[in-house]
Amino acid sequence: MRRPAGGPGFSHRSSTRSRPSAPPPCSPARWQPRRRAATAIYGYTADGRVVRELTTADPEVRIEWAVHVANRKAAWYQFRLALDIPAMAGKSVARRNKGVDRRKLVIDPGRKVLDAASTATVDFSGGRFLDALDVPLGSMHTDAQGRLVVLGGRGHSAAPFNAPLASFGNNDGWCDDTSDGPVTATLTLAGHAATANRPHAATPAAPAGPPTRSCLDGSWRRVTRP
């Protein structure tokens, strides 16, 4: 086995698995499943072969997780179609909440850190909308092996100043508790420190899929794949 230069025999990558969490203890007519993203770290050789998963069950492994999720939807462009597809070439889309300070539209609880060996739950709290509403964006904890488990928001939406709800999207003055953001892990293995990265943790409040378009009776209809 080749050892990568400067390391203890592994390079470090993370793997993510998403599945619904168990429903809360209430009547079936009332609960809605939350989504969760579970992230693990694996050791690789210098030529890319998997050695094993690195967990806190190994006394030589220490992991510190860091997550920074945010919700910037209200400060972004109106939802029409994705701006990076050919159908939108040369077209412009207005931003949401015209004339409002962009900083007050971003729900950002800041970077949160969790020791993988801890049994604590860290909430993504501290973010506010329009300086008027606290909006929690979910939480994170670890399982018995030190894998990171990120739970998204609870599917809540709100308008702190009672703005009208005119459509399924693009409603000024409204926010929800979906979010995404980067995940990093600081790994110490046999006294050697390294950083494992994955691009983002998405925390949707409910399952969703990319929109598709179909022509029916001469009109365009938007459908969402389950």
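Residues numbered from 1 in each chain as written. Predicted model: local features only at pLDDT ≥ 70, side-chain atom pairs only at ≥ 80, totals over all residues. Heavy atoms only, no water.

The name an unreviewed UniProt entry gives the chain is LodA/GoxA family CTQ-dependent oxidase, with Streptomyces actinomycinicus as the organism.

1. Looking at the overall build of the chain
Secondary structure assignment for the chain yields one helix and 16 strands. Residue burial in the chain is summarised as follows: out of 226 residues, 35% are buried. (Helix = DSSP H or I, 4+ residues; strand = E, 2+ residues; numbered from the N terminus. Buried < 20%, exposed > 50% of the residue type's maximum accessible area, 1.4 Å probe, protein only.)

2. Examining the nonpolar core
Membership of the largest hydrophobic core comes to 29 residues, with the highest contact counts inside it found for Ile 41, Ile 63, Trp 65, Val 67, Phe 129 and Met 140. Those elements that place two or more of their residues in this core are strand E4 (61-67), strand E10 (148-151) and strand E13 (179-189). Residues within four places of Met 140 in sequence aside, it is in contact with Val 67, Lys 112, Val 113, Leu 114, Ala 120, Thr 121, Val 122, Phe 124, Leu 148, Val 149 and Val 150. (Core = buried A, V, L, I, M, F, W, Y, C linked by side-chain atoms within 4.5 Å. Contact = heavy atoms within 4.5 Å.)

3. Here we look at unusual backbone geometry
Residues other than glycine seldom take positive phi values, yet Leu 130 does so here, at roughly 55°. As for its placement among the helices and strands, Leu 130 is situated in the loop between strand E7 (128-129) and strand E8 (133-134). The buried category is assigned to Leu 130, whose relative accessible area is 18%. Positive phi, normally seen in glycine, also occurs at Asp 131, with a value near 55°. Inspection of the secondary structure puts Asp 131 in the loop between E7 and E8.

4. Comments concerning the side chain of Asn 171
By the secondary structure assignment, Asn 171 is in the loop between strand E11 (157-158) and strand E12 (175-176). Other than its neighbours up to four places away in sequence, Asn 171 contacts Pro 164, Leu 165 and Ala 166.

5. A short note on the pattern of salt bridges
Using the criterion set out here, one finds eight salt bridges in the structure. Where Arg 49 meets Asp 47, a salt bridge forms, and the shortest distance between an N and an O atom there is 3.3 Å. Its salt-bridge partner being Asp 101, residue Arg 103 comes within 3.1 Å of it at the nearest N-O pair. On the basis of relative accessibility, which here comes to 30%, the residue Asp 101 falls in the partly exposed class. (Salt bridge = Lys/Arg side-chain N within 4 Å of Asp/Glu carboxyl O.)

6. A closer look at the pairing of strand E5 (residues 112-115)
The alternating pattern of E5 places Lys 112 and Leu 114 on a buried face, while none of Val 113 and Asp 115, on the opposite face, is buried. Sheet analysis places E4 next to E5, joined by four bridges and oriented antiparallel. Looking at E5, one finds that Ala 66 is bridged to Val 113. (Pairing = 2+ DSSP bridges.)

7. Some thoughts on the packing of aromatic side chains
Here the structure, examined in full by the defined rule, presents two aromatic pairs. Here the aromatic rings of Trp 76 and Tyr 77 are separated by 4.8 Å at their centres, their planes lie at 75°, and the arrangement is edge-to-face. Look at Phe 79 and Phe 168: their rings are 6.2 Å apart centre to centre, the planes differ by 85°, and that puts the pair in the edge-to-face class. Here Phe 79, found in the loop between E4 and helix H1 (102-105), pairs with Phe 168, found in the loop between E11 and E12; they are 89 residues apart in sequence, far enough to count as distant. Overall, the relative accessible area of 69% leaves Phe 168 in the exposed class. (Phe/Tyr/Trp six-rings, centres within 6.5 Å; stacked < 30°, edge-to-face > 60°.)

8. Quick word on the environment of Gln 78
Relative to the elements of secondary structure, Gln 78 occurs in the loop between E4 and H1. Between the C-alpha atom of Gln 78 and that of Asn 171, which follows or precedes it by 93 residues, the distance is 9.0 Å. In this structure, Gln 78 is in contact with Val 93, Ala 94, Arg 95, Arg 96 and Asn 170, ignoring residues within four places of it in sequence.

9. Some remarks on the pairing of E10
Burial along E10 is two-sided: the residues Leu 148 and Val 150 and Val 149 and Leu 151 are all buried. Bridging between strand E9 (residues 139-142) and E10 involves four bridges; their strand directions are antiparallel. Looking at E10, one finds that Met 140 is bridged to Val 150. In textbook terms, the turn of a hairpin is the stretch between consecutive antiparallel strands, and for E9 and E10 this stretch comprises five residues, one of which, Gly 146, has a positive phi near 85°.

10. Here we look at the side chain of Asn 97
By the secondary structure assignment, Asn 97 is in the loop between E4 and H1. Since its relative accessible area comes to 6%, Asn 97 is described here as buried. From its side chain, Asn 97 meets the backbone nitrogen of Gly 173 in a polar contact 2.8 Å long. Once residues within four sequence positions are removed from consideration, Asn 97 is found in contact with Ala 74, Arg 102, Leu 105, Asp 172 and Gly 173. (Polar contact = N/O pair within 3.5 Å; in protein donor to acceptor, adjacent residues only side chain to side chain.)

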